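# A look at the structure
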Amino acid sequence: MNRISLAAGTASLLMLLVLAACGDTRTAAPTSDNSTPAAPMTTTDPHSYANFDQVAVSHLSLDIDVDFERSVLDGTASLTLTHHADATELVLDTRDLDIHAVRLDDAKDAVDFTLAPADGYLGAALRIPITSDTRIVHVDYTSQPQAAAVQWLSPQLTSGGEHPFLFTQSQAILARTWVPIQDTPGVRFTYDATVRVPSKLMALMSAENPTEKSADGAYTFSMPQAIPSYLLALAVGDLEFRSIGEDTGVYAEPDVVDAAAWEFADTQDMIDRVEPLYGPYRWGRYDILVLPPSFPFGGMENPRLTFATPTILAGDRSLVALVAHELAHSWSGNLTTNANWNDFWLNEGFTVYLERRIMEEIAGEDYAAMLATLGWQDLDHTLAGLPTRDTHLRLDLAGRDPDDGMTDVAYEKGNFFLRTIEEEVGRERFDAFLRKWFDDNAFKAVTTDGFITAITNDLLSEAEADAIDLTAWIDGPGIPAGAYIPSSDAFTQVDAALTSWQDGTPAAELATDKWTTHEWLHFLRGLPETLDIDQMDQLDQAFGFNATGNSEIKHAWLHHVIANNWEPGYDALERFLIDQGRRKFLKPLYERLATTPDGKDRADKIYEQARGGYHPVSVGTIDTILGWQG
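Right, let's walk through the structure included here. (Residues numbered from 1 in each chain as written. Predicted model: local features only at pLDDT ≥ 70, side-chain atom pairs only at ≥ 80, totals over all residues. Heavy atoms only, no water.)

## Thoughts on the overall build of the chain
For clarity, the threshold we go by: Helix numbering and strand numbering both begin at the N terminus, where a helix is a DSSP run of H or I of at least 4 residues and a strand a DSSP run of E of at least 2. We compute the radius of gyration over the C-alpha atoms and compare it with the globule rule, which gives 2.2 Å times the number of residues raised to the power 0.38. Accessibility here uses a 1.4 Å probe with only protein chains present; expressed as a share of the type maximum, an area under 20% marks a residue as buried, one over 50% as exposed, and anything in between as partly exposed. Only the protein chains shown count as cover for residues, and all accessible areas are computed by the Shrake-Rupley method using a 1.4 Å probe. In this charge count, Lys and Arg are treated as positive and Asp and Glu as negative; neither His nor the chain ends contribute. Charged groups are reduced to one reference atom each: NZ for lysine, CZ for arginine, CG for aspartic acid, CD for glutamic acid.
Broken down by element type, the chain carries 19 helices and 21 strands. Relative to its length of 630 residues, the chain is compact, with a C-alpha radius of gyration of 24 Å against a globular reference of 25 Å. Each principal axis of the C-alpha distribution contributes one length, and for the chain these read about 80 × 60 × 45 Å. Counting every position in the chain, which comprises 630 residues, the buried fraction comes to 60%. Counting every atom, the chain has about 23,200 Å² of accessible surface; 47% of that belongs to carbon and sulfur. Looking at the chain, you have 44 positive and 95 negative side-chain charges, and the mean spots of the two groups are 2 Å apart.

Pasting the structure below:
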């Protein structure tokens, strides 16, 4: 997740290693760098047209203008190549890009290229003829206003209300909608960029970033560590910076930045605590950008600059496990990356495991146990609604959008698989294995088969492997027998309070003063599915669920509002669905509304108001749920 201008050389050894078995190679002279990636462990990706077994991008130089009037990015992507001497073409991924011209190296004249017909979410293959001497390909292009990675926000959709905002979301295969690139996690490249924006705005990327606005609106970026395409990121808006540690800080709109800096004050402590466990943080700085509410995810682990939703600004630091999660990606995912999206669990399962270890270091075992128990509940709910094939850790997503694999299976089943291994071998041995895994695979793409080889060679005895049953976890459905199942003493007390309330104790008399967000979530999840009006009234009067500013608690409460058709809660539901665009919250609420005719009618009316403020990622999901077209 970092870029700096070491030109082509930093990542060029990537494809030297990939192509060495194929014969002679041509590349720019390599430059020494400790992030030089090794070869991917696979040379195919069902979600990319790129011919990276023959030609790979080792460096990207991006020169673009951000045009808010037309809602387009306009400029040139210059791609430095490493390739087999016999390679005759470069194949790039594009989707909804207007390709104007292609030039090779220093030539002024354009060459012919072929843009294949578009194929849904995969987009269109851009085929460019090259020779054995071709080092750099320049592609002049313009994105389209509907580019799925890019959201263009009017001033009314920002916190400040005075300036427009732009941000990108490249994961999983949306980088191709704003840059012509080999859009696969199996290829890593360094990059530099020049970005021109309106003078009152600041541009940021997943790279080395400014802390002050440029007077002329021109910004330059560099990133020396090689990254996969899904970690390319750009944001432009009225932003300010606050330092919150030696190597960490926060960017946000002016009226949000101080609250965000207070909320994330423990970030430097998180970094300091995780490094002794899993090795040094290798990305320079770690900063956080708080985006407008339409951001579709909780966070995105863009190197050097985590993108975060404002819905985690609870005012009490109770939701900062999300920061721990995105920080953990600096080891699992960004440093050691799934080679394709079938092995997504190698990113997210490891990251959830690290997140929980970080939170245990920061807040203690009881706190981490609550997080784990809520995660188990989420996984149990998710598994009940998935087809069997999607409950395996190793997926087969050929012919499907990789977003289909971004479920709690990758996150929580992956985490509990690792937690089960820890229980079998002991924490000390497992920590040593993880440290070696990250060191051995730093700046590399990895596969599930590679993980199996590593864990059987470097950690597990034959008896331990049999006890865990790797095959059942990786290629079997659901949760295998013998899995580690979390428990929480704090939740036992919540269960007692819940029972007391159901037995007649008024809600206001329950001992809830010291409850954290996690205890409230467990309480709300434990309520009966059917509640009468008096019970709903009593709960809201006692605990103020309708008015809470904690998005996690409100989301859990609104499920009961819908399930029990509690009319006083519908204004809060409408505001919640309109005021934020986080897909985690939107999807289940719209799904629940859509189960009844009256609910579907209400959902359609709300969505008609809200849709224009949602990111394309969320729009695609809700369109499908409600049956909207285009």
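## A few points about helix α8 (residues 427-440)
Going by this rule: Each helix should span, by expectation, one fewer than its residue count multiplied by 1.5 Å. Within this analysis, the arc is defined by the directions that extend from the helix axis to the C-beta atoms.
For α8, with 14 residues, the first-to-last C-alpha span of 20 Å sits near the 20 Å given by 1.5 Å per residue. Among the residues of α8, those classed as buried are Phe430, Asp431, Phe433, Leu434, Trp437 and Phe438. For α8, the arc enclosing every buried residue in end-on projection is 160°, short of the 170-degree limit, so these residues lie on one face.

## A few points about the environment of Ser61
Stated precisely, the cut-off is as follows: We call two residues contacting when some pair of their heavy atoms lies within 4.5 Å. We call two N or O atoms a polar contact when they sit within 3.5 Å, provided that within protein one can donate a hydrogen and the other can accept it, with sequence-adjacent residues counted only if both atoms are side-chain atoms.
Relative to the helices and strands, Ser61 is located in strand β2 (residues 55-67). For Ser61, a relative accessible area of 24% puts it in the partly exposed group. Sequence separation of Ser61 and Thr76 is 15 residues, and the distance between their C-alpha atoms is 8.2 Å. Non-local contacts of Ser61, meaning those with residues more than four positions away in its chain, are made with Thr76, Ala77, Ser78 and Asp192. Here Asp192 takes part through its side chain, which lies 3.0 Å from a polar atom of the side chain of Ser61.

## Some words on the pairing of strand β11 (residues 189-196)
Note the cut-off: Pairing between two strands is assigned when DSSP locates at least 2 bridges connecting them.
The buried fraction of β11 amounts to six of the eight residues, a majority that puts the element mostly inside the structure. Strand direction decides the pairing type here: β2 and β11, joined by seven bridges, are parallel. Its bridge partner being in β11, Asp63 is matched across the sheet by Thr194. Examined bridge by bridge, β11 and strand β13 (residues 218-227) share seven bridges and lie antiparallel to one another. Paired with Tyr191 across the strands is Met223, a residue of β13.

## Looking at the packing of aromatic side chains
The geometry of an aromatic ring pair comes down to the distance between the two centres and the angle between the two planes. Under the convention used in this document: We call Phe, Tyr and Trp rings a pair once their centres come within 6.5 Å, taking the six-membered ring for Trp, and we label the pair stacked below 30 degrees between planes, edge-to-face above 60, and tilted otherwise.
Going through the model one piece at a time under the given rule, you end up with 40 aromatic pairs. Arranged with centres 4.8 Å apart and planes meeting at 50°, the rings of Phe241 and Tyr251 form a pair that is tilted. With a gap of 10 residues between them, Phe241 in strand β15 (residues 240-245) and Tyr251 in strand β16 (residues 248-252) connect regions that are remote in the sequence. Assessed through its relative accessible area of 17%, Phe241 is described here as buried. Assessed through its relative accessible area of 1%, Tyr251 is described here as buried.

## What about the environment of Ala314?
In this fold, Ala314 is placed in the loop between β19 (305-308) and α4 (321-328). Each C-alpha atom of the pair Ala314 and Thr517 lies 9.5 Å from the other, and the pair is 203 residues apart in sequence. With near-sequence residues (within four places) excluded, Ala314 lies in contact with Glu263, Leu319 and Asn550.

## A word on the sheet that holds strand β4 (residues 89-94)
On the basis of which strands lie adjacent, the open sheet formed by three strands has the order β4-β7-β6 and antiparallel pairing. Each edge of the open sheet carries a strand with a single partner, namely β4 and β6 (114-115). Bridge count between β4 and strand β7 (residues 124-129): six bridges; the pairing is antiparallel. Residue Glu89 lies in a different strand from β7, and its bridge partner there is Pro129.

## A few points about the side chain of Asn340
Tracing the backbone through its elements, the reader meets Asn340 in the loop between β20 (336-338) and α5 (345-363). At a separation of 3.0 Å, a polar atom in the side chain of Asn340 contacts the main-chain amide nitrogen of Asn342.

## Focus on the packing of helix α16 (residues 570-579) against helix α17 (residues 583-593)
Stated formally: Lines fitted to C-alpha atoms define the axes here, with helix axes fitted over just the stretch in contact, and angles between the N-to-C directions of these axes take values from 0 to 180 degrees. Small angles under 35 degrees read as roughly parallel and large ones over 145 as roughly antiparallel, with 65 to 115 read as roughly perpendicular and the rest as oblique. Note: crossing handedness is left-handed where the near helix turns anticlockwise from the far helix by less than a right angle, and right-handed where it turns clockwise.
Between α16 and α17, the least distance of the axes is 10 Å, while the angle of their chain directions is 135°. Considering the angle they form, α16 stands oblique to α17. The chirality of how α16 crosses α17 is left-handed. Facing Leu573, Phe576 and Leu577 of α16, the residues of α17 in contact are Phe585, Leu586, Leu589, Tyr590 and Leu593.

## Some words on unusual backbone geometry
Leave glycine aside and you will find that most residues have negative phi; peptide bonds, for their part, are mostly trans. Between Gln171 and the following residue, Ala172, the backbone shows a cis peptide bond with an omega angle of 5°. Within the fold, Ala172 resides in the loop between β10 (165-168) and β11. Of note, the phi angle at Phe443 is positive, near 60°, even though the residue is not glycine. As for its position among the elements, Phe443 is in the loop between α8 and β21 (444-446). Overall, Phe443 belongs to the buried group, its relative accessible area being 2%. In this model, Asp469 sits at a positive phi of 65°, which is unusual for a non-glycine residue. Tracing the sequence through the fold places Asp469 in the loop between α10 (462-468) and α11 (470-475).

## Some remarks on the packing of helix α3 (residues 267-278) against α8
Two packed helices can be described by the angle between their axes and the distance between those axes. Spelled out, the test is: Polarity classes work like this: nonpolar for Ala, Val, Leu, Ile, Met, Phe, Trp, Tyr, Cys and Pro, charged for Asp, Glu, Lys and Arg, and polar for all others, with Gly in that last group.
Across the interface, α3 lies against α8 with an axial gap of 8 Å and an inter-helix angle of 95°. What the angle tells us is that α3 and α8 run roughly perpendicular. Here Glu275, Pro276, Leu277 and Tyr278 of α3 come into contact with α8, specifically with Asp431, Leu434, Arg435 and Phe438. Tallied by class, residues from the contact of α3 with α8 come to five nonpolar, no polar and three charged.

## Some remarks on the pattern of salt bridges
The test is simple: Definition used for salt bridges: Asp or Glu carboxyl oxygen within 4 Å of a side-chain nitrogen of Lys or Arg.
Here the structure, examined in full by the defined rule, presents 38 salt bridges. For Asp258, the salt bridge identified is with Arg242, shortest N-O distance 2.8 Å. Of the two residues, Asp258 sits in helix α2 (residues 257-263) while Arg242 sits in strand β15, which places them 16 residues apart along the sequence. Note that Asp440 and Lys436 form a salt bridge whose closest N and O atoms lie 2.6 Å from each other. Taken together, the residues Asp440 and Lys436, both in helix α8 and four residues apart, mark about one turn of the helix. You can call Asp440 partly exposed: its relative accessible area is 33%. Judged by relative accessible area, which is 38%, Lys436 ranks as partly exposed. One network of salt bridges, with partners in common, ties together Glu360, Arg419, Glu422, Glu423 and Arg427.

These figures come from the coordinates and say nothing about function on their own.
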